[in-house]
Each structure stands twice: as structure tokens, then as C-alpha cells.
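Read off the chains here:
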Amino acid sequence: MISPSLLSAPRVGDWIDLTTPGLVLVRTGKVELGQGVLTAVAQVASDTLGLSPDLIRVISGITGATPNEGYTAGSLSVPHSVTAVEAACATCLTSFTGHVARTRGMAADRITVTEGAFYEDDTPTGDTLWTLAAELGLDTEIDNSAPPRRANTTPPALPRIDLAEKIRGGGMIHDLRTDDMLHARVLRPPRLGATPDTAALSPEDRAALVIDGGFVALVDDDPLSLTRRADRLAARLRWTGGIALTPDTLRPAALRDLPGTPTELGDAPAAPDAEGVITERYERPYLMHGSIGCVTALAHWSPEGTLDVTSQTQGPYQLRDALATMLSIPAEAITLRHAPGAGCYGHNGADDVAADAALVARHHPGRTIRVMWTRAEEFAHAPVSSASAIDVRAKLGPDGRPEWLRLDITSGTHARRPGTAPSGTLLAELSRDGTQTLTPPMELPEMHGLGALRNAISPYDIPGQSAGLTLVDMPGLRTSALRGLGTHANVFALESFIDQLARAAEADPLAYRLSLLSDPRARAVLERVAVRSGWADRPAGGDGTGWGIAYSRYKNRAAYVAMVAQVSFDHSVRVENLWCVADAGRVVNMDGLRNQIEGGIVQSASWALIEEVRLTEDDTLPDSWEAYPILRFSDLPEIDLDVIASPDPIPLGAGEVAVGPTTAAIANAVTDAIGTPIRSLPLSRDKVISALLEN
Amino acid sequence: MSDARIAQSALTLTVNGAPVTVDVPEDATLLEVLRDRLNLTGTRFGCGQEQCGACTVLVDGAPVFACTRPASSLTGATIETIEGAADDPVVTALIDHQAAQCAFCLPGIAMSARALLRRTPAPDRAAVIEALDPHLCRCGAHSRIVEAILSVARP
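1. Focus: the overall build of chain B
- The secondary structure content of chain B amounts to five helices and five strands.
- In sequence order, chain B lays out its α and β elements as β-β-α-β-β-β-α-α-α-α.
- On C-alpha atoms alone, chain B measures out to a radius of gyration of 16 Å, which is about the 15 Å that the 2.2 N^0.38 rule sets for 155 residues.
- Overall, chain B is about 55 × 30 × 20 Å in size when its C-alpha atoms are taken along their principal axes.
- In chain B, once contacts between residues fewer than 6 apart in sequence are set aside, the share between residues at least 24 apart is 57%.

2. A few points about the overall build of chain A
- Helix and strand content of chain A: 18 helices and 24 strands.
- Radius of gyration (C-alpha) of chain A: 27 Å, near the 26 Å computed for a compact globule of 695 residues.
- Taking the principal axes of its C-alpha atoms as reference, chain A extends roughly 80 × 80 × 45 Å.
- When each of the 695 residues of chain A is scored for burial, the buried share is 57%.
- When contacts within chain A are restricted to residue pairs at least 6 apart in sequence, long-range pairs at least 24 apart make up 79% of them.

3. Quick look at the confidence of the model for chain B
- Mean pLDDT for chain B: 95, with 96% of residues reaching 70 or above.
- Quick note on the complex model: pTM equals 0.96, ipTM equals 0.97.

4. Thoughts on the interface of chain A and chain B
- With 50 residues of chain A at the interface, the matching set in chain B holds 51 residues.
- Among the elements of the structure, helix 6 (163-167), helix 7 (203-208), helix 8 (223-236) and helix 16 (590-609) of chain A are those that each provide at least two residues to the side of chain A that touches chain B.
- The leading source of residues in the side of chain A that touches chain B is helix 16 of chain A, at seven residues.
- For the side of chain A that touches chain B, the class distribution of residues is 19 nonpolar, 16 polar and 15 charged.

5. Some points on the pairing of strand 22 (residues 560-569) of chain A
Residue and element names in this part refer to chain A.
- Taking burial as the measure, the ten residues of strand 22 include nine buried ones, the bulk of the element.
- Relative to strand 22, strand 21 (residues 545-553) runs antiparallel, the two sharing nine bridges. Bridge pairing in strand 22 places Ser-552 opposite Val-561.
- Connecting strand 21 to the next strand, strand 22, in antiparallel fashion are six residues, including Lys-555 with a positive phi near 60°.
- As defined by bridge partners, strand 22 adjoins strand 23 (residues 573-583) across ten bridges and the pair is classed as antiparallel. By the bridge assignment for strand 23, Gln-566 is matched with Asn-577.

6. So, the sheet that holds strand 10 (residues 215-220) of chain A
All names here are of chain A.
- Read from one edge to the other, the open sheet built from seven strands follows the order 9-10-7-17-14-15-16, with strand pairing classed as mixed. With partners counted over all chains shown, the strands left at the sheet margins are strand 9 (209-212) and strand 16 (334-338), one partner each. With direction set aside, neighbouring strand axes in the sheet form an average angle of 25°.
- Summarising the sheet, strand 14 (residues 296-301) and strand 17 (residues 368-372) pair through five bridges and their orientation is antiparallel. Its bridge partner lying in strand 17, Thr-296 is registered against Met-372.
- Along the sheet face, helix 8 touches strand 7 (181-187) and strand 10 and points at about 20° away from the line of strand 7.

7. Quick notes on unusual backbone geometry
- Cis rather than trans, the peptide bond between Leu681(A) and Pro682(A) has omega equal to -5°.
- The residue Gln98(B) is not glycine, and still its phi comes out positive at about 50°.
- Among the secondary structure elements, Gln98(B) is positioned in the loop between helix 2 (89-96) and helix 3 (106-119).

8. Regarding the environment of Thr620(A)
All names here are of chain A.
- With respect to the helices and strands, Thr-620 occurs in the loop between helix 16 and strand 24 (638-643).
- Residue class for Thr-620 comes out partly exposed when judged on the 16 C-beta atoms lying within 10 Å of it.
- Once the C-alpha coordinates of Thr-620 and Arg-191 are considered, the two residues, 429 residues apart in sequence, prove to be 7.8 Å apart.

9. Digging into the nonpolar core
- Residues Ala357(A), Met563(A), Cys580(A) and Leu94(B) are the most contacted members of the largest nonpolar core, which totals 267 residues.
- It is helix 4 (residues 77-104) of chain A that provides the largest number of residues to this core, a total of ten residues.
- Once residues lying within four places of it in the same chain are set aside, the contact partners of Leu94(B) are Ile167(A), Ala99(B), Ala100(B), Leu106(B), Ala110(B), Ile145(B) and Ala148(B).

10. Structural notes on the packing of helix 9 (residues 316-327) of chain A against helix 10 (residues 350-363) of chain A
Residues and elements named next belong to chain A.
- The geometry of helix 9 relative to helix 10 is characterised by a closest axis approach of 11 Å and an angle of 40° between their N-to-C directions. The angle between helix 9 and helix 10 places the two elements in the oblique class. In terms of crossing hand, the pair formed by helix 9 and helix 10 is right-handed. Across the interface between the two elements, Leu-319, Leu-323, Met-326 and Leu-327 of helix 9 pack against Asp-351, Ala-354, Ala-355, Ala-358 and Arg-362 of helix 10.

11. Focus: the sheet that holds strand 13 (residues 277-284) of chain A
Residue and element names in this part refer to chain A.
- Taken in spatial order, the five strands make up an open sheet running 12-20-19-18-13, and their pairing is mixed. Looking along the sheet, the strands with just one partner apiece sit at the ends: strand 12 (261-266) and strand 13. Direction aside, neighbouring strands of the sheet carry axes that sit 15° apart on average.
- Across six bridges, the pairing between strand 12 and strand 20 (residues 464-471) is antiparallel. Among the inter-strand pairings, Thr-263 is bridged to a residue of strand 20, identified as Leu-469.

12. Topic: the pairing of strand 7 of chain A
All names here are of chain A.
- Taken across its seven residues, strand 7 has six buried, putting it largely inside the fold.
- Taken together, the four bridges between strand 7 and strand 17 define a ladder with parallel strand orientation. Of the residues in strand 17, the one forming a bridge with Leu-182 is Ile-369.
- Direction of pairing for strand 7 relative to strand 10: antiparallel, over a ladder of five bridges. If you follow Val-186 over to strand 10, its bridge partner there is Ala-217.

13. What about the packing of helix 13 (residues 487-504) of chain A against helix 17 (residues 659-674) of chain A?
Residues and elements named next belong to chain A.
- Orientation of helix 13 relative to helix 17, taken along the N-to-C sense of each, is 35°, at an axis distance of 8 Å. Helix 17 is crossed by helix 13, and the crossing has right-handed handedness. Where helix 13 abuts helix 17, its residues Thr-487, His-488, Val-491, Phe-492, Glu-495, Ser-496 and Asp-499 lie against Val-659, Gly-660, Pro-661, Thr-663, Ala-664, Ala-667, Asn-668 and Thr-671.

14. Points about helix 9 of chain A
Residue and element names in this part refer to chain A.
- Across its twelve residues, helix 9 extends 16 Å between first and last C-alpha, which sits within 8% of the 16 Å expected from 1.5 Å per residue.
- Within the sequence span of helix 9, burial applies to Pro-316, Tyr-317, Gln-318, Leu-319, Arg-320, Ala-322, Leu-323 and Met-326.
- For helix 9, the secondary structure elements touched by its buried residues are strand 15 (307-311), strand 16, helix 10 and helix 12 (427-433).
- After helix 9 finishes, the residue Ser-328 shows a positive phi value of roughly 55°.

15. Thoughts on helix 8 of chain A
- When the terminal C-alpha atoms of helix 8 of chain A are compared, their 20 Å separation across 14 residues agrees well with the 20 Å that a helix rising 1.5 Å per residue should span.
- Taken together, the buried positions of helix 8 of chain A are occupied by Leu224(A), Ser225(A), Leu226(A), Thr227(A), Arg229(A) and Ala230(A).
- Against strand 7 and strand 10 of chain A together with strand 2 (18-24) and helix 1 (30-36) of chain B lie the buried residues of helix 8 of chain A.

16. What about the environment of Glu617(A)?
Residues and elements named next belong to chain A.
- Looking at the element boundaries, Glu-617 is found in the loop between helix 16 and strand 24.
- Its 6 C-beta neighbours within 10 Å are what place Glu-617 among the exposed residues.
- Between the alpha carbons of Glu-617 and Pro-247 there is a distance of 9.8 Å; along the sequence they are 370 residues apart.

Definitions and limits used
Residues numbered from 1 in each chain as written. Chains lettered and ligands numbered in written order. Predicted model: local features only at pLDDT ≥ 70, side-chain atom pairs only at ≥ 80, totals over all residues. Helix = DSSP H or I, 4+ residues; strand = E, 2+ residues; numbered from the N terminus. Rg over C-alpha atoms; globule rule 2.2 N^0.38 Å. Contact = placed C-beta atoms within 7 Å. Buried ≥ 20, exposed ≤ 12 C-beta atoms within 10 Å, placed from the backbone. pLDDT = per-residue confidence, 0-100. Nonpolar A, V, L, I, M, F, W, Y, C, P; charged D, E, K, R; others polar. Pairing = 2+ DSSP bridges. Axes fitted to C-alpha atoms, helices over the stretch in contact; angles between N-to-C directions. Core = buried A, V, L, I, M, F, W, Y, C linked by C-beta atoms within 7 Å. Parallel < 35°, antiparallel > 145°, perpendicular 65-115°, else oblique. Left-handed = near helix turned anticlockwise from the far one by under 90°. Expected span 1.5 Å × (residues − 1).

Structure (C-alpha cells):
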């Protein structure tokens, strides 16, 4: 199968439209999140059809007008959508070429196509893509089993088709304005599940508000007037009940005290002979999305009862269906259109703000409702990424190599997006209905690359491997998807542990890993990163400087990534250099792929060093960048990224592939620098100092 | 309706070389004037707390956070926004270097870089990083951004 996206959109006409002569309209269900998918789609359509990119237009993420490709997530935009568009274009060209050849009674290989015009040898036939589409239609079924194209002809990268406008200050959902616009702000409960005492407000205040159950919002024609009035009203509105958070709530170890649902992975015995078993505990804290922009949505409820929503969602169809459930209207009554927002790295507030706008719109039919969250809402009300507590256990054979290896993970869910439950996935819905109980935690299945168990089985040649997950739910915290899901914590734990085994065996960490890896592609990225970083000639660790190495294959089936980190410790850990070698399979747009991997590296370095959700003095979630800092320009390492020219014809994705190895290599470098491992993220100044003191 | 009408009065500013008069509350910020009165939406709202740099514009040539700067303090000042800098070589360089992923933070960064390069036509890497340190980028395009700005500085 080329792409699962072709199962629900199997015909050429589902993906391309040739009704406007001279233009090729390409439809994709994946949406632009800053990852450059629209450019990759345009590039592959241009390459396959032999057309200048100027003649390609891409539309994306509009229910009813583009294919339903599920969520734009999981490093799958190129593997799913770009390959589908390529297959659609290839099928179109093959069938048109065949038709022209048959009509003219000659072999198809004498027919060529340039800029949409067909030629017999060098003579124009008079046919074009557009005349043939008008004559034959585009109802042809796409061949979903054709062998993928070889990778050895990566074309020059098409520059991003959306960047010039955005860098000059355009192209964002935040910029959309209409003449009938009404601005709205939701008054948020201070705790999940708290209910507003609207009865205690003055009649004037109540009349000014949209009150729908426990959902309270203020509207105004003027956004400046809105913010000032909302601040005053929020100060007068009292809330009762809800789930209070305490500092203990956020400790990863607190997860172990909760009841949970077990899931097993792998086939090794869960509790083999206890003698000689080595055990270590690792922890990763809760993390936040930290997009620089605040999520925004527009909604318009027509007098006829249809709803038009513009959203920066990752899943237009899934959000449409969740809104339909929330509003008790048919899904067909809703049109959901994607518009670009600031960077999206997972299930942030994008769907929630769309639900806010839709609920307000029902109370103000005929007006376009615009809701843009505040920075405090971004931090304190969007879903967070779950903490994880991990026990790694291994038994070594007589040669010092592990005979079996097991992870026991305790984690919240990474899957609470719209569509993961029949209802209750939208914040406005929870507030309206006074719901304290979130949708049941779930683990993503293997076909989606797993959730908390992602990369819980090591990539090494170890005879017996298994992993166990206890999926728990910390009351008061809405956890869901963030870049890479469980891969970050699990690769950190596994690669820290492998380094510990290497030290115990007095082996070089690179040599030890290679001794456990037979996959030539895995060996190739590790050997290459060693050469590029000068691993063999690195100085001995200590005196506040250190080197670390890590390896992972994302989802155990996607891109191969090897990483070397060089760190120093003065008043805090500083990552000086990172060397990364990746084998991401076939590359459609090399610059876009590199950009995505670089971005994953930087974000993971920030997670590794400083990121952790802590409560404010009021025992609420962080509400500002001061309470949840991320790395700045002056904190960033030099990054050397090398993407291997892979013979693999399959594109393996890029955006999430480096987040595990980056943090793991940094952690191993810190261990090398200070002589003792830190098994709990982030690798903060306080932890390094206490580790040094204990040592 | 309570608080339904927030008192507003006329304010005249000079933005991108043109005088403009708007009705705003007396405590209106420069960012509110730009985005919600003048429809100059290239300047971004990121936090409203001077912590991310997305709203950076130039006032009398110096980068300022528009999200907290009272508009009423700027009568007579020269205000430059990304809309007035579309052809700045640093904007072109950022595009040529594909120095962004989502690009939400880029207009603010471009304005800080414009101010830096006017002040210091050939800054070294450390000076570029210092000028950009008030800006947050979550996509991780930092090294491309620094390279793009240095490319303008190089002969």
C-alpha cells in the first residue's frame, strides 16, 4: 500500500482538479502547521506531472472539499499525503498518456508531457492535461500498490510556498477580519470542573454575557473594549468546586500512586529470574506546548442553522464531528476550514478555541465570532503532555550484554483529541456540562505507533524484550498529545540505561551500542555521527565538560537517528554542540526535512534542560513565559545535521524523529561531565549540583 | 450593559511615515492600535507581557515591545512596523534562507534585526544573538535566523 489516505479517497479526482485550464488544483487533507507540508505536496505534484510549481495550487483541510486524512500528526504528512498526491498524479498521467497513445495508435513511450502539453516524439498532439480531463474525467481509481519511486533522484527543494507572506507579516488565522465580526472571550474556571456562580452577578453583567450551562463568555464589537470589560467581569465572577492541584500532583512519581490500566508489549517474560537484575528509575515531568502565538478560531452560525468554522486544527474532520456532537447538530451542517496558526506540536488549544467560537456563535447567529486565547489560557487551559515514571530492568549475560530488557512505564494518556471518545474532548463542552471527569485515558494502538509505549522496546539485538504500561489519570490535569508522545521519555530512559551498562562493561558507549545492533542502517547513522563529531578523539569527560551519544529508530519502524552531544556545566548545563545523522528514507524536499529535524532537536534540547510544568504561587498551572521558560537564542548549541542519502524508496517522516535521541545524548553527556547520572528530567542546575554533592 | 462602553478618544500617531488618527481607550497599547485599529496585523500578539518579542516594532529606530507600550506616549514618535519593512534586505534574507517554520515570530525578529543592522552594519554572531535574545522561537529555526541576518551583514 502506498498510502492509507487512498483508502478513503481512492480516485484521482479526490486529489487533483483540472477544471481551470493552466492550473492544477491539488487537495490535501493534511494541514500546514509550519512543517511545510503544502510545499512538499506542491513539489511532488509539480515533479510528477512535469509542471512548473507556479501552475500548482494547493488547498488543504476543508471538510467536504479535501480528503479526510485524519490528524496531521505523527511525522506522517509526507508518508501519507505526499505519497497519495504523487500516486494520484502518476495515475492521472499514465491514464492520459495511454489514452493519447491508443487514440494515435502508437506506443505510450513515445508520448511525453511538458508543462501539461502532450507530445508525440517532439510534435504537440494538441492534447493537454486540461483537455483530457474535460474529455475523460478524473474518476480513475489510483493504483495503491505500485512500487514506490526510487529515492536516488531527490529533486532540488522547492522553497516554502507560504513563507514569504508569513515572514512579511501575513498568512495567519489571526489576521482574518470580517465586517460582521464579533469578538469573544471566555471566562475560564480557575480549576478543571469548577462551576461559575453566575446567579450572584448583577442583572446587567448577566445580560452582557453568553451563559450556556457552566460556559461563560463575553462578546463585543471592539476587541479593545472586550479585553477591558472581560478583565473586570472576570474579577467579579466567583467559581465553586473543581479539582484543585497541589505541587505533589505534578511530581512524576505521584503517578505511581494512582490506579491504572495495564497494557503489555513484547513477548519476554515479565518477571524472569530476579537474581542479577539491574533496575533503574527514570522520570520525565509534564510539558507544555509553548506555541508563540495564541490559538484562534472564527465561527459563523447562519440563520439557516449551518455552522462555518475556521480553525488551526490538526484534524478538520475530527473537529467537525466533535463540534456536531457538542452542538447536537448533524456533521453535514458544519463546514470546517483550516487556516494556519503559529507552530503546532500536538494537541494544543486549537480545537478548544474552535469550540469556544462555535458555542458563542450559536448565541449570536448571523455574526462571525472571533475568539483568540490569551497567553494565560494557552498555558493554563490547553492540554499538557503527561509526565512519565519509568523503571528499566535488565539481566546481563556472562558477556556483559543484556539477555533481556524490560520497561515498566507509568504515564497519563497522550490521546485525548476529538475523536478519541464519543464526546467530552472539547473544553467548552466540559465547561458547559460541568464535567469534572475527562474522557477515559487510552493508549494508541500499534497502527498509530503507540502512545506512552512508543519506543518502549529498545532497538537493540536483545533476545528477550518487553514493556508494560500502567495508564493512569491524574485528576485535574488534561493530558494529551505532544510531539513524539512517549518516545521522549522512553528513549531518554533506555539510552541512559544503555550508557550505564556500557560503563559497567567498561566499554565505549558507541562500541557497546554497535555490538548490539545488526541493522546496517542503524549502524550507518551511528558510525557516521561518530566520524562527524570526532567521537573517537573526544577529550575525557569531567571538569564540567562531557560528551554523550544516543540512538533511536522512531516508532521502531520510521527514521533512524544517531546523536552526539557535547555539554559544559558552569552555573547550569549548556549544550555546546549537537551532531545528528538521520536516515529518513526517501526525501521529497531536503530543506524542509532538515528544517523539521533541526526544529525537533532544538525543542528537545529545551525539554531536556529547563522545561517542567510547575505550579504558580496560587497553585495554578503556569500562565506566562516567566513561569514556563524555554531556551532562548543565547542558549542554543551549534547543530551539525547530516541526512544520509538513503536508498529506501519509502519516506519515513522527520518532525518527531530526533526528540528522543537529542535529550538522551544530552543526558549522557551530562553524566560524562559530572561523573554521575541524573535520571530525572529536566537536567536543571539544582539537580546537577545535588548530583555533584552526592558524588 | 455594564462596562459596555469604554471611553475612547482620538490619538494621532505616525506609522510607517504616515500620520494616522484613531479612537482608542486612554490605556490602549501600541499593539492594539496597530492590529485592531489600523489593521496592521503583521505585528504579532504573543503574550502581552514583554516576554516573547513577537510584537516588536521600531520606535524612533529602537526595538520596543508594542504589547505593553502605551500608545498615548508615542505622539510625535516615528513608528515602523513589518508592513513598512517588507523590502528590507534582512526580510529578503530571512525568506531566502527559509529561516522559519511557522514564521509567527519572524516579523518581530525581522524588526529587531533591522534595528541592529542600521546601528551596526556588520555585527558579529554574538551581537546578532544578543539582539535576538528577547525573542522566543518555538519551532527551532534559530540557527537559520542567525545565519540569514549574518548574510546581510557580510559584504
